[in-house]
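Secondary and tertiary structure notes
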Amino acid sequence: MIPSFQLFYSCLITLRRAKHTSTLPLTATNQARMPRGSPFAILLLLFVLLSSSLVPRLLASPLGSMACSAKRIQSLLSNRAQNYSYTQNCHYHKIWKDKKLVILVKQEVETEEMISDAVALKKALKFFDAQFFNDSKVKEMAKGAEEFNIPAFRENRELVASEDGGLKNPSVLVFDSSWGENKQKNNSFIQNKALDASEKFNYPSHGEVKRPSKDEDIAFMTVTELGKLLETKQITSVELTDIYLKRLKRYNPVLEAVVTLTEELAYEQAKQADELLAEGNYLGPLHGIPYGLKDIIAVPHYHTTWGSTTFKDQVLDTEAWVYKKLKAAGAVLVAKLVSGSLAYDDIWFGGRTRNPWNILEFTTGSSAGPAASTSAGLVPFAIGSETAGSLTYPAARCGITCLRPTFGTVARTGVMSISESLDKLGPMCRSASDCAILIDAIRGKDENDLSSRDVALQDPFQVGISKLTVGYLESADMEVVDVLSSKGVKIVPFKLNYTVGSVQSILNITMDVDMLAHFDRWQREGLDDQFEAQDQWPVELRRARLVPAVDYIQAQRARGKLIREVKDNFKEIDAFIGNATDWELVCLGNLVGLPVVVVPTGFKPVEDLPEGGTSRRTTITTGIYAPPDHDHIALALAMAYQSVTNHHKQRPPVDDVSPGDQVPS
């Protein structure tokens, strides 16, 4: 039993606290039962009831330690005959329950800090386009954010965001770009059988290929031609590797396209490829072929820098899925090639990558190293990536052929992530046929990339293009239109119709918020101050911090509407031709998941033509777009165009320029 003086003191403290406490309203029934009286009368009554079983129970309970109001005590005392339960609804929302009666007691002491927070929140809500809450609701929001949201945010960050780059803990919200059956009007070229995603393409025979006498000529051969030289033992993989490593070392000081030469690994893989060939084991068209990887793709024992000062010493002890696929095909990795810092543009911690066709300008796009190296004959092919233009822009500027595949066609395990619903890996080559060979080798699903799929592509080498209907936009290169028409393709004028006017902002919201989720720690610790171009990711990701979750979801709903509207455009056509670098079309294609093949279609003089002329040129390109999962159509059309043109076979001058040009050192 509690001594009387202790009870008296406890009651006094309780009543003094009551002046600073507000309570939740009781029901009308409970209010009607409340006896009237002064605090002193209540105190005296408690003292008299010292031997009662209710008071010790009250003071010993969690309720007894709270700042309860006088009216609460009155209510309890006036209902002694009932069985009580009581709920504490304060900082951690803990609940004690009994049988019949539930009384809510809520501590709401409004401090100056709480009032200040509410005022600040109300002002800040204008940046969320949410200035429709009254003062009472804003106070409620501030309290709820502090008590519930912030602890949850911190717990989740600790669970999944302690490492940057998005290599682990992928989102379970998965974007599927496929259109199901996608029955088009003019798809009679599709065979009436179930497609097998594991079935490989039937590569055509290239005929007789003789080894050129000059290494320069060898360096610009296609994958198919090099494969023929290797298969017929006119050259070894070690010899090829030596040719490309020498060119990488020679031209990289000008182009700034290489982060790391994987020389030791390259000779090891080349030697193994030669041994297998000597034993009669031919792994396919990539056997013994050197190549490069964009430096956001992890390879064990070598730096994977993501192009960033912050991560330039990073070594990831993992094999990216695409690297595994190429290694299994017998290809030889000679270099990790430049990615713009954190896959944004062509600026990286070592400089800025230049365009081999015009070394006084830059590549644009973060797949800068793969594009420049392929264009300059430093590698026969490379693997790049795109979230929003990072394949198409540098491919167009550097005059190479490239495939941005259907989203999900190539698994991205072991690759730095910007957006799990936009990122794609694709081949950067010198011909569309090489792109077809590469996509056949690297496509497939990996269980660690939830968005990857086993896409059952048709064999592009077997597509009957004369059965296709292809539209062309006003921005299309008319040479491509005319050539395909002459090859039997039905060509029709075309306009891409959709009502969604926020395509570009949907892309930016999606990309930036997703990127911030993968680099949350990087921003919180102020590492964005180290970023090489302060007007790029640092600005965008600070803005992304102010995108409400509800408006991110609204952007995805608008994206769904866009996808449905774009799908309707393909009811009468199988593909369309248009500008490969139009920003609206780049955003639309990436949001929808459309595959596109970028093809070089010619050249024009540079704008800054020096006196006496120059060998520098500006490339002209176009894009061939197809519906999701129909990459083979775009590839077949591109191969048909390149079969009768030679723009893709031209060689850039790199540092062989005119006297009036100054080669950067």
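What this report covers is the structure whose coordinates are included nearby. (Residues numbered from 1 in each chain as written. Predicted model: local features only at pLDDT ≥ 70, side-chain atom pairs only at ≥ 80, totals over all residues. Heavy atoms only, no water.)

**A few points about the layout of surface pockets**
Here is the rule: We place a 1 Å grid over just the protein atoms. Points where a 1.4 Å probe fits but has no way out form a cavity, open points with protein on both sides within 12 Å along at least 5 of 7 lines form a pocket, and any residue with an atom within 4 Å of a point lines it. Grid points are joined across faces, edges and corners, and a volume is the space filled by probe spheres set on the points. Secondary structure follows DSSP: runs of H or I at least 4 residues long count as helices, runs of E at least 2 residues long count as strands, and numbering of each begins at the N terminus. Each residue is assigned to one class: nonpolar for Ala, Val, Leu, Ile, Met, Phe, Trp, Tyr, Cys and Pro, charged for Asp, Glu, Lys and Arg, and polar for all the others, Gly among them.
Taken as a whole, the second largest pocket encloses approximately 740 Å³ of empty space. Lining the second largest pocket we find 29 residues, and of these His206, Thr222, Thr224, Ser431 and Ser433 sit closest to its centre. Where the lining of the second largest pocket is concerned, the elements lending two or more residues are helix 9 (223-231), helix 15 (432-442) and helix 22 (631-642). In terms of residue count, the dominant contributor to the lining of the second largest pocket is helix 9 (6 residues). Residue classes in the lining of the second largest pocket are distributed as 10 nonpolar, 12 polar and 7 charged.

**Regarding a nonpolar patch on the surface**
This is how it is decided: Two distance rules govern patches: like charges are joined within 9 Å, and nonpolar side chains (Val, Leu, Ile, Met, Phe, Trp, Tyr) within 5 Å, applied only to residues with over 30% relative accessible area and no salt bridge. Method for areas: the Shrake-Rupley scheme with a 1.4 Å probe, in which residue coverage is limited to the protein chains shown. Each salt bridge in this description consists of a side-chain nitrogen of Lys or Arg and a carboxyl oxygen of Asp or Glu lying within 4 Å of one another. Note on classification: 1.4 Å probe, protein chains only; a residue is buried when its accessible area is under 20% of the maximum for its type, exposed when over 50%, partly exposed between these limits.
A contiguous nonpolar patch, built from Val172, Leu173, Val174 and Leu450 and spanning about 400 Å² of accessible area, is present on the exposed surface. Along the polypeptide, Val172 turns up in the loop between helix 7 (135-160) and helix 8 (215-219). Taking the relative accessible area as the measure of exposure, Val172 reaches 69% and is therefore exposed.

**A few points about the state of the cysteines**
For the record, the criterion: Two cysteine sulfurs form a disulfide in these notes if their separation is within 2.5 Å.
All told, the structure shown has 0 disulfides when counted by the stated rule. With no disulfide of its own, Cys429 lies closest to Cys435 among cysteine sulfurs, the gap being 3.8 Å. Assessed through its relative accessible area of 0%, Cys429 is described here as buried.

**A short note on the packing of helix 10 (residues 237-255) against helix 11 (residues 263-278)**
Worth spelling out the cut-off: Axis angles are defined between N-to-C directions and span 0 to 180 degrees, where every axis is a line fitted to C-alpha atoms and, for a helix, only to the segment in contact. An angle below 35 degrees is treated as roughly parallel, one above 145 as roughly antiparallel, one from 65 to 115 as roughly perpendicular, and anything else as oblique. We call a crossing left-handed when the near helix sits turned anticlockwise from the far one by less than a right angle, and right-handed when that turn is clockwise. Note on contacts: a residue pair is in contact if any heavy atoms of the two residues lie within 4.5 Å.
Interhelical geometry of helix 10 versus helix 11 gives an angle of 155° and a closest axis separation of 8 Å. Compared by their axis directions, helix 10 and helix 11 come out roughly antiparallel. Like other packed secondary-structure pairs, helix 10 and helix 11 cross with a definite hand, here right-handed. Here Ser237, Val238, Thr241, Asp242, Leu245 and Lys249 of helix 10 lie close against helix 11, whose contacting residues are Glu263, Ala266, Tyr267, Ala270, Lys271, Ala273 and Asp274. Per-class residue counts for the contact of helix 10 with helix 11 are 6 nonpolar, 2 polar and 5 charged.

**Overview of the pattern of salt bridges**
This model, assessed by the stated rule, comprises 26 salt bridges. Note that Arg247 is salt-bridged to Glu216, the shortest N-O span being 2.7 Å. Here Glu216 lies in helix 8 and Arg247 lies in helix 10, a separation of 31 residues in the sequence. Residues Asp440 and Arg443 are paired through a salt bridge, measuring 2.9 Å at the closest nitrogen-oxygen approach. Exposure class is identical for Asp440 and Arg443. Each is buried.

**Points about the environment of Ile633**
Here Ile633 is to be found in helix 22. Residue classification places Ile633 among the buried positions, given a relative accessible area of 0%.

**Regarding the sheet that holds strand 4 (residues 290-294)**
Through backbone hydrogen bonds, the strands of a sheet pair up, either in parallel or in antiparallel fashion. Applied cut-off: Strands are labelled as partners when DSSP assigns at least two bridges between them.
Strand order across the open sheet formed by 11 strands is 3-5-4-10-12-11-16-17-15-13-14, with mixed pairing between neighbours. Across the chains shown, the open sheet's two edge strands, defined by having one partner strand only, are strand 3 (258-261) and strand 14 (490-493). Direction aside, neighbouring strands of the sheet carry axes that sit 30° apart on average. Alignment of strand 3 against strand 5 (residues 332-337), held across 3 bridges, turns out to be antiparallel. Bridge pairing in strand 5 links Thr260 to Lys336. Running over the sheet, helix 11 touches strand 3 and strand 5 and is turned about 160° from strand 5.

**Some details on helix 13 (residues 368-375)**
Summarising burial for helix 13: 8 of the 8 residues are buried, a large majority. Among the residues of helix 13, those classed as buried are Ala368, Gly369, Pro370, Ala371, Ala372, Ser373, Thr374 and Ser375. Following helix 13 by one or two positions, Gly377 has its phi on the positive side, about 75°.

**Here we look at the nonpolar core**
Note the following rule: Nonpolar cores are built from buried Ala, Val, Leu, Ile, Met, Phe, Trp, Tyr and Cys residues. Side-chain atoms within 4.5 Å join them into one set.
With 121 residues, the main nonpolar core has Leu286, Leu326, Leu342, Phe381, Ile383 and Leu637 as its most contacted residues. Excluding anything up to four places from it in sequence, Leu326 contacts Leu286, Tyr291, Leu293, Ala331, Phe381, Ile383, Leu438 and Ile442. By size, the runner-up hydrophobic cluster in this structure holds 20 residues, among which are Ala270, Val334, Leu378 and Val654.

**Some words on unusual backbone geometry**
If you check the backbone angles, Asp129 has positive phi at about 55° while not being a glycine. Inspection of the secondary structure assignment puts Asp129 in the loop between helix 6 (112-124) and helix 7. On the accessibility criterion, Asp129 (69% relative accessible area) is exposed. Even without being a glycine, Trp306 presents a positive backbone phi close to 55°. For Trp306, the location among the structural elements is in the loop between strand 4 and helix 12 (321-328). Relative accessible area serves as the criterion here: at 0%, Trp306 is assigned to the buried category.

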